[in-house]
Structure formats: structure tokens, C-alpha cells
Amino acid sequence: MPQLPLETKLIACRSDNYAVLAHDKEANLTFLVDVPEADAVRKALQETGWTLTHILITHHHHDHVEGLAAIKAETGAKVIGPADSKDKIPQIDEPVSDGDAFKLGDQDVYILGTPGHTLDHVCYWLPKAQLAFTGDTLFVMGCGRVFEGTLKDMWFAVDKLAKLPPETTFFCGHEYTEANGNFCLTIEPENELLKQRMEEIRELRAKGLPTVPSTILDELTTNVFLRANDPDLKESLGMAGAEDWEVFAEIRTRKDNA
Ligand code: ZN
Ligand code: FE
């Protein structure tokens, strides 16, 4: 029997956050990734008529868990989240860390430890559905700021996601795409795919539409943070022969100071 894809619903929250609902009709499961606020999630559940069964948390930052206590209390959903934050996030029922896997209905969910933005950060990968949830590690044409880990940690986190199958669709935690893409253009002004993509992104944003989700393939060609291992890019930064992570660190530092 062919695998039915998961149905997803992007939920705009706060000023620029996203949560996502994913619904598996066959298994009668619905999971939510991150809970930036309760109200927007309640509304999305009402609109879809889906019954929430699981909540997946990417990291401990306030803008990803603020609505967690309320939504868990209202729905009784089981909460899966980073083991490293079980003290900070007391609602976690099932702590997970890098290399763990669990089943959601028919789907295997793999936990990818991605320290850098925070030390506890995990991403979730569902190979069968070709879906990943990357929180504040990988953004569309960007990556998260490095608050708790090192720049080197963050390179390995981002590169781990870059190595997922290119056809993987990923949802991230923020709508930062336009600013990210403008920054990418300062690093690779001649990247034709990047220029084309930015035209599409500007049109979407002018209409107030989201740019999330994206695919790993689109990031491999346009996201300069993932492209830090590209020999031509290294050379254009005067860093020919430098380690991938050093080039990433240079790019991330330029973005921080932009
Ligand atoms: Zn964060
Ligand atoms: Fe965030």
C-alpha cells in the first residue's frame, strides 16, 4: 500500500515564529513541533479539527515553549523533547538525544543532536515522509545564531542537516528568509540560483506569505552557511584551503555583525 504523506499546517506565532502541525490520518495521530504561544496553536487545532496527540520540542528557548504548559494541559498530548533540557522544560514526558529514534504511527522519527544555537537543540527527521523539523538550527537561507555552543559545533550541526536526502522538506522556527537571503547575496552576489530565489522570496513576502517550508536541495544551492565547504566560495572569501568550519565561522560572524 502506498504511504500516505503527512498533512502539515504551518502556524504563524508571535512576531516571526512558526510552529507546525502534522497529521497522520491513517494512524490518527497529530503532532505539533514547538509551542511559541498557545492561542495560535488552539486556533489551528480548531480550524483543522485534528486532535493533538504529541508535541515535539526542539530547544529550550522561550519563544519555542511558551505555550507548552497550556497546550499540554488542554490536550493531554505526550511531550517529546531534548534530554539535556528536562530540568528547564518540566513538561517533557519522553527525553530524547542524538541517535535516538521512536515511532509515530507508521513513521520512524530520528533525533539529530544539533548543538550550536543552544546546547540542547535537537532536530527531528521522518525519512518516510521526507520531512525534517529544524527549529533554530537551519533556517531558509540561514542558520541560527550561536548562543551556547561553538561556531565549530554549529557547522557540524548545519552540515548534518545538509546531508539529509536533498528531497527532504524542512520546517524551521522563524520567518527570517528575506534578511537571510539578502545576506547570502553579499557573500555570493553572482549565484544565479540565489538571485532567482530571492526574487520569488520578495514576491511572497510582499504578499505577506510564508517562505517556509523549504527543501534541503534548495538550501544546498542558495544557503551560504551550508555552502561553506564549496571550494569556489572559500576562494572568493580569500580562504582557499581553510577548513569548512572556519569558513562557516567567518560567514556566521559576518552575519552577526551585518
Ligand atoms: Zn532559539
Ligand atoms: Fe527561536
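About the criteria used
- Residues numbered from 1 in each chain as written.
- Chains lettered and ligands numbered in written order.
- Predicted model: local features only at pLDDT ≥ 70, side-chain atom pairs only at ≥ 80, totals over all residues.
- Heavy atoms only, no water.
- Patch = residues over 30% accessible without salt bridge, like charges linked within 9 Å, V, L, I, M, F, W, Y side chains within 5 Å.
- Areas by Shrake-Rupley, 256 points an atom, 1.4 Å probe, with all protein chains shown as cover.
- Salt bridge = Lys/Arg side-chain N within 4 Å of Asp/Glu carboxyl O.
- Lys, Arg positive; Asp, Glu negative; His and termini not counted.
- Charge placed at Lys NZ, Arg CZ, Asp CG, Glu CD.
- Helix = DSSP H or I, 4+ residues; strand = E, 2+ residues; numbered from the N terminus.
- Buried < 20%, exposed > 50% of the residue type's maximum accessible area, 1.4 Å probe, protein only.
- Donors = N, O, S within 2.8 Å, 3.2 Å for Na, K, Ca; no water.
- Tetrahedral: all angles 85-135°; square planar, octahedral: opposite > 155°, others 65-115°.
- Pairing = 2+ DSSP bridges.
- Axes fitted to C-alpha atoms, helices over the stretch in contact; angles between N-to-C directions.
- Contact = heavy atoms within 4.5 Å.
- Expected span 1.5 Å × (residues − 1).

Novice: Give a description of a negative patch on the surface that names residues and reports values.
Specialist: A contiguous patch of negative charge on the surface is contributed by E199, E200, E203 and D218. If one sorts the elements of the negative patch by residue count, helix α6 (residues 192-206) sits on top with three residues. Looking at the element boundaries, E199 is found in helix α6.

Novice: Describe the pattern of salt bridges, naming the residues involved and giving the relevant values.
Specialist: Enumeration according to the criterion identifies 19 salt bridges in this entry. Ionic pairing is found between R205 and E175, a salt bridge with its closest N-O pair at 3.8 Å. Of the two residues, R205 is situated in helix α6 and E175 in the loop between β13 (169-172) and α5 (177-187); the sequence distance between them amounts to 30 residues. Using a relative accessible area of 29% as the deciding quantity, one classes R205 as partly exposed.

Novice: I'd like to hear about the coordination of the iron ion (ligand 2), residue by residue, with values.
Specialist: Looking at the iron ion (ligand 2), the protein donor atoms are D63 (OD), H64 (NE2), D136 (OD) and H174 (NE2), and they sit 2.1 to 2.4 Å from it. Around the iron ion (ligand 2), the four donor atoms are arranged such that angles at the metal cover 82 to 173°; this shape is classified as irregular. Mapped onto the polypeptide sequence, the residues donating to the iron ion (ligand 2) form the spacing pattern D-H-x71-D-x37-H. A separation of 3.1 Å is found between the iron ion (ligand 2) and the zinc ion (ligand 1), which are bridged by D136. Placement of the pair is H64 in helix α2 (residues 62-65) and D136 in the loop between β10 (131-135) and β11 (138-139), with a sequence separation of 72 residues. For D136, a relative accessible area of 3% translates into the label buried.

Novice: An account of the sheet that holds strand β6 (residues 94-96) is requested, with residue identities and associated values reported.
Specialist: With mixed pairing, six strands are arranged side by side in an open sheet as β1-β2-β3-β4-β5-β6. On the outer flanks of this sheet lie β1 (7-13) and β6, each paired with one strand and no other. The average angle at which neighbouring strand axes cross in this sheet is 20°, direction not considered. Direction of pairing for strand β2 (residues 17-24) relative to strand β3 (residues 29-33): antiparallel, over a ladder of five bridges. In the strand pairing of β3, V20 is matched with V33. In the packing of helix α1 (residues 38-48) onto the sheet, contacts are made with β1, β2 and β3, and the angle to β1 comes to roughly 145°. The sheet contacts of helix α3 (residues 68-75) involve β3, β4 (54-56) and β5 (78-82), and relative to β4 the element is tilted by about 165°.

Novice: Hey, could you go over the coordination of the zinc ion (ligand 1) for me, with residue numbers and the actual values?
Specialist: The zinc ion (ligand 1) binds to the protein through H59 (NE2), H61 (ND1), H117 (NE2) and D136 (OD), with metal-donor distances spanning 2.2 to 2.3 Å. Geometry at the zinc ion (ligand 1) is irregular, judged from the four donor atoms that bind it and their angles of 87 to 169° at the metal. Within one chain, the residues donating to the zinc ion (ligand 1) are spaced in sequence as H-x1-H-x55-H-x18-D.

Novice: An account of helix α9 (residues 244-257) is needed here, citing residue identities and associated values.
Specialist: With 14 residues, α9 ought to run about 20 Å at 1.5 Å a step, and its terminal C-alpha atoms sit 20 Å apart, in line with that. As for α9, its buried residues are in contact with β12 (142-143), α4 (151-162), α5 and α8 (231-236).

Novice: Which residues make up unusual backbone geometry, and what values go with them?
Specialist: The peptide bond linking V212 to P213 adopts the cis configuration, its omega dihedral lying at 5°. Within the secondary structure, P213 sits in the loop between α6 and β14 (214-215). Look at R14: it is not a glycine, yet its phi comes out positive at around 50°. Here R14 is to be found in the loop between β1 and β2. Classification of R14 as partly exposed rests on a relative accessible area of 37%.

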